[in-house]
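For reference, the chains in residue letters:
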Amino acid sequence: MRSTLMFAVCAAALSLAACSDQHATQIKEGAKAVGSDVKDAAHEIATDPDVKEAGTAIKESTKEAGADLKEAAGKATDKMQEAGEKAGDAAKEAGSDIKAGAKKAGQETKEEVHEATK
């Protein structure tokens, strides 16, 4: 009886092992098939004319945006230079006005002092 039970346990273990090997083989083959499908899909995407066209459009729009940005930066630089020149001119004019005003005030004060000391 004991050997019959042992024989049954061994037979069950071998059956399970065979199922596990068969199952593992099926999983391995399924994984290979999925990998092949993914590879084929990636190749189709890479060679798809619509995808290539989209890539070209993105590349061109990036170039255009870069050119627009460069132009805008140039214009902003020009405007800043103009503003700087205007500010410089205004500062010179203000300095001249202050100098002339101080000179005139000094002259008037000198004349008043001269008149007061007569």
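Residues numbered from 1 in each chain as written. Predicted model: local features only at pLDDT ≥ 70, side-chain atom pairs only at ≥ 80, totals over all residues. Heavy atoms only, no water.

J.: Honestly, the overall build of the chain in this entry has me stumped. Any pointers?
T.: In terms of regular secondary structure, the chain is built from two helices and zero strands. The 118 residues of the chain split such that 0% are buried. Carbon and sulfur atoms make up 63% of the accessible area of the chain, which totals about 10,600 Å². (Helix = DSSP H or I, 4+ residues; strand = E, 2+ residues; numbered from the N terminus. Buried < 20%, exposed > 50% of the residue type's maximum accessible area, 1.4 Å probe, protein only. Areas by Shrake-Rupley, 256 points an atom, 1.4 Å probe, with all protein chains shown as cover.)

J.: Honestly, the pattern of salt bridges in this entry has me stumped. Any pointers?
T.: Close approach of charged atoms lets side chains of opposite charge pair. Counted according to the given criterion, the structure contains one salt bridge. Residue glutamate 71 is joined to lysine 75 by a salt bridge in which the shortest nitrogen-to-oxygen separation is 3.3 Å. One end of the pair is glutamate 71 and the other is lysine 75, both in helix H2 (residues 49–116) and four residues apart, which spans about a single turn. (Salt bridge = Lys/Arg side-chain N within 4 Å of Asp/Glu carboxyl O.)

J.: I keep staring at a negative patch on the surface and nothing clicks. Help me out?
T.: On the surface, a cluster of negative charge is contributed by Asp78, Glu82, Glu85, Asp89, Glu93 and Asp97. Here aspartate 89 lies in helix H2. (Patch = residues over 30% accessible without salt bridge, like charges linked within 9 Å, V, L, I, M, F, W, Y side chains within 5 Å. Lys, Arg positive; Asp, Glu negative; His and termini not counted. Charge placed at Lys NZ, Arg CZ, Asp CG, Glu CD.)

J.: Where do I start with H2 in this structure?
T.: Side chains that are three or four residues apart share a direction in an α-helix, a result of its 3.6 residues per turn. With 68 residues, H2 ought to run about 100 Å at 1.5 Å a step, and its terminal C-alpha atoms sit 99 Å apart, in line with that. By the N-cap criterion, in which a side-chain oxygen at the helix start approaches the backbone nitrogen of a residue two or three places on, H2 is capped by aspartate 48, the distance to aspartate 50 being 2.8 Å. (Expected span 1.5 Å × (residues − 1). Polar contact = N/O pair within 3.5 Å; in protein donor to acceptor, adjacent residues only side chain to side chain.)

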